[in-house]
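Survey of secondary and tertiary structure
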Amino acid sequence: MGIVRVGINQARVNIKQASDQQGDKQTLKKLVVRGGRPLKGRIRVSGAKNSTLAILCACILTENEVVLENIPNISDVRVMLEIIACLGLHAYWLAEDVLHISGTAQLGGEAPYQLAKKLRASNLLLGPLMARKSLARVSLPGGCNIGSRPMDLHFKGLTGLGADLDIRSGYIEGRVSGRLQGAKIYLDFPSVGATENLMMAAVLAEGQTVLENVAKEPEVVDLANFLNAMGARIRGAGTDVIRIDGVPVLEKPVRYSIIPDRIEAGTLMVAAAASAGDVTLENVIPPHLEPLSAKLREANVRVEEAEDTIRVSTPEPLLPINIKTMPYPGFPTDMQSQMMSLLSTAKGTSIIVENIFENRFQVAQELRRMGAQVKVEGRVGIVEGTTRLQGTSVKATDLRAGAALVIAGLMAEGTTEIHNAHFIARGYRDFGVRLNSLGAAVEYK
Ligand code: EPZ
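On to the domain arrangement of the protein chain. Segmenting the protein chain into domains produces domain 1 (27–46 + 260–444) and domain 2 (49–246). Inter-centroid distance (C-alpha atoms) of domain 1 to domain 2 is 30 Å. Domain 1 puts 26 residues into the contact, and the matching count from domain 2 is 24 residues. Summed over both partners, the interface of domain 1 with domain 2 buries about 2000 Å², with 50% contributed by carbon and sulfur atoms. The tally of links between domain 1 and domain 2 comes to 3 salt bridges. Of the charged contacts in the structure, one is a salt bridge between Arg262 and Glu219, with a shortest N-O distance of 2.8 Å.

Printed below as a string of structure tokens:
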């Protein structure tokens, strides 16, 4: 595997250009969507945001060079690159979606507040830092306000591996004398982040670690595959039990391609259905989308799968369905808001139960402003289909709610202004530009 070496100065210029170019768009305040235009054509899905964020943290574990392909140039990734740069890892773009990351022997131990607070995924720094440092300090994470998002399972697991953890002045402080020690850990809930943090902590621990009742999301499997490519010894990712045999060092430099983003793909599928369009997605892994494809077919949406493409088209009428969000392979919570938009014009009443996060129905109040008939009772959303949504001004409250409002704007009569559009840029690269390539009329303002 040949590592491409790029002169640091040229590389730094690359990273600067990339952030500047995207930076203009990030500072824009709103997206303006003109409704009633069906999406048609083909579009390539980007690499998975949630794989990328975990794998960038995993780069802390190695002193070797890493080349990552299929990386989405989105603001959450750029923030994570700044964080690992603070820890001593030099990252630069070799191409539009290819990153070179040089590991380091002089690893820093502190992830600064002003960066870590922007990103929930900053909590994934803890495991790898504890695997290599006797002292680590990570600011308590930020992220979307979709729920309390505690870290008790992360703490229980890391403590089980021999770390001492405290929270002091808004920072998580972790200490370990010598190496972490392998242990058997049961997760009360199959938390994605806790599974990833503990897997990363365990790869350099002394002895074997057994993680039970773990998350089975494709992004967890992608992280395990990346770690194994670097020389870790992980078995069982994607099942309920993951076994990790600790190794003293990760000795292999690696070139690795991130899996496609199933949530970006799902969002584009729902946008195609909502606009009564006909869109083919490229660079997808259809089995990762099975929970969504099954529910879309139930709603009378045509979903045709090939090896690495999915085509979505929508004969009338759209039918109401019931959805329960669950850990993978259940219906993904990250697609719940987008489905609420779609079902707001189905011919009947749909019931959505949100079982993962306690505050993930915020988009409902914005959809009601557009004429949607949505009632929320605790964890249950009741969506009574209406004939047409009306365009108006709305605001994004988190990344996926923002995407859901763009979908509602595609369906609506007239024009919809979506404020706080920076939320959308956290997880969707050039979302408006890419929808326009399919015939939408989306403007950045
Ligand atoms: C990851 O968040 C994703 N983020 C989320 O995507 C996704 O919604 C979520 O997994 C569920 O699939 C990244 O991967 C960066 P969890 P994470 O730990 O790891 C509770 C997006 O839009 N919990 O599986 O934070 C927690 O409160 C984002 O891309 C504990 O109680 O999710 C929640 O109710 C949003 N204690 C549930 O588990 C803990 O220690 C699921 O959380 C940890 C979690």
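Another aspect to go through is the packing of aromatic side chains. Tallying each qualifying case throughout the model produces 2 aromatic pairs. For the ring pair Phe226 and Tyr256, a centre distance of 5.5 Å and an interplane angle of 70° mean the geometry is edge-to-face. With Phe226 in helix H8 (residues 218–229) and Tyr256 in strand E14 (residues 254–257), this pair connects stretches of sequence that are 30 residues apart. Assessed through its relative accessible area of 0%, Phe226 is described here as buried.

Let us look at the sheet that holds strand E24 (residues 441–444). One open sheet holds the 4 strands; their spatial order is E22-E23-E1-E24, and the pairing between them is mixed. Every interior strand has two partners, whereas the edge strands, strand E22 (393–395) and E24, have only one. Each neighbouring strand pair of the sheet contributes to a mean axis angle of 20°, computed without reference to strand direction. By the bridge criterion, 3 bridges tie E22 to strand E23 (residues 415–419) in an arrangement that is parallel. Looking at E23, one finds that Lys395 is bridged to His419. Most of the contacts of helix H13 (residues 399–411) go to strand E1 (residues 30–34), to which it runs at about 25°, and overall it touches E1, E22 and E23.

It is worth spelling out the layout of surface pockets at this point. Considered as a void within the structure, the largest pocket measures approximately 1100 Å³ in volume. The greatest single-element share of the lining of the largest pocket, amounting to 4 residues, is contributed by helix H7 (residues 192–202). Of the residues in the lining of the largest pocket, the class split is 22 nonpolar, 9 polar and 16 charged. When residues of the lining of the largest pocket are assigned to domains, at least three map to each of domain 1 (27–46 + 260–444) and domain 2 (49–246).

A few words now on the pairing of strand E16 (residues 302–305). Bridge count between E16 and strand E17 (residues 309–313): 4 bridges; the pairing is antiparallel. Residue pairing in the sheet places Arg302 in a bridge with Ser313 of E17. Linking E16 back to E17 in an antiparallel pair, the connection comprises 3 residues.

For the coordinates displayed, the defined rule picks out 2 cavities of 30 Å³ or more. Put simply, the second largest cavity is a space of about 40 Å³. If you trace the second largest cavity, you find it lined by Arg262, Ile263, His288, Leu289, Pro291, Leu292, Pro332 and Met335. Secondary-structure elements contributing two or more residues to the lining of the second largest cavity are helix H9 (262–274) and helix H10 (290–298).

Another point: the pairing of E23. Because side chains alternate across E23, one face comprises the buried residues Thr416 and Ile418, and the other comprises Thr415, Glu417 and His419, none of which is buried. With 5 bridges connecting them, E1 and E23 associate as antiparallel partners. Within E23, the residue paired with Leu31 across the bridge is Ile418. In terms of handedness, the path from E22 via H13 over to E23 forms a crossover that is right-handed.

What follows concerns the nonpolar core. By size, the foremost hydrophobic cluster in this structure holds 79 residues, and its most contacted members are Leu68, Ile101, Leu125, Met199, Phe226 and Leu227. Apart from residues no more than four positions distant in its own chain, Phe226 is found in contact with Ile55, Ala58, Cys59, Val66, Leu68, Val254 and Tyr256. The next biggest cluster of nonpolar side chains, apart from the first, holds 68 residues, and it includes Met269, Ala299, Leu389 and Val394.

Let us now look at the state of the cysteines. What the rule picks out here adds up to 0 disulfides. Not engaged in a disulfide, the cysteine Cys59 finds its nearest cysteine sulfur in Cys57; these two sulfurs lie 8.7 Å apart. We classify Cys59 as buried; its relative accessible area is 1%. Residue Cys86 stays outside any disulfide, its sulfur separated by 13 Å from that of Cys57, the closest cysteine.

What counts and what doesn't
In this convention, every chain numbers its residues from 1, walking through the sequence in written order. The predicted nature of this model means local features are confined to residues of pLDDT at least 70 and side-chain atom pairs, given and counted, to a pLDDT of 80 or more, with totals for whole chains, interfaces and linings taken over all residues. Side-chain numbers here rest on the full set of heavy atoms in the structure, without hydrogens or water. Domain start and end points were adopted from an automatic or database domain assignment. We call two residues contacting when some pair of their heavy atoms lies within 4.5 Å. By buried area we mean how much accessible surface two parts lose on assembly, using a 1.4 Å probe and totalling the loss over both. Definition used for salt bridges: Asp or Glu carboxyl oxygen within 4 Å of a side-chain nitrogen of Lys or Arg. Here is the rule: rings of Phe, Tyr and Trp (six-membered ring for Trp) pair when centre to centre is within 6.5 Å. Planes less than 30 degrees apart are stacked, more than 60 are edge-to-face, and the remainder are tilted. Per the convention used, a helix needs a DSSP run of H or I reaching at least four residues, while a strand needs a run of E reaching at least two, with both numbered from the N terminus. Accessibility here uses a 1.4 Å probe with only protein chains present; expressed as a share of the type maximum, an area under 20% marks a residue as buried, one over 50% as exposed, and anything in between as partly exposed. Pairing between strands requires that DSSP locate at least two bridges from one strand to the other. Between N-to-C directions, angles span 0 to 180 degrees; the directions come from axes that are lines fitted to C-alpha atoms, helices contributing only their stretch in contact. Buriedness of a pocket was judged along seven lines, with at least five required to meet protein on both sides within 12 Å; pockets are open sets of points on a 1 Å grid over the protein atoms alone, cavities are sets where a 1.4 Å probe fits but cannot get out, and lining residues have an atom within 4 Å of a point. Grid points are joined across faces, edges and corners, and a volume is the space filled by probe spheres set on the points. Ten residue types, Ala, Val, Leu, Ile, Met, Phe, Trp, Tyr, Cys and Pro, are classed as nonpolar, four, Asp, Glu, Lys and Arg, as charged, and the remainder, Gly among them, as polar. For the handedness criterion, the strands are oriented away from the viewer, and a crossover whose path from the first strand over the helix to the second runs clockwise is classed as right-handed. Side-chain atoms within 4.5 Å link the members of a nonpolar core, which is a set of buried Ala, Val, Leu, Ile, Met, Phe, Trp, Tyr and Cys residues. Cysteine sulfur atoms are paired as a disulfide whenever they fall within 2.5 Å.

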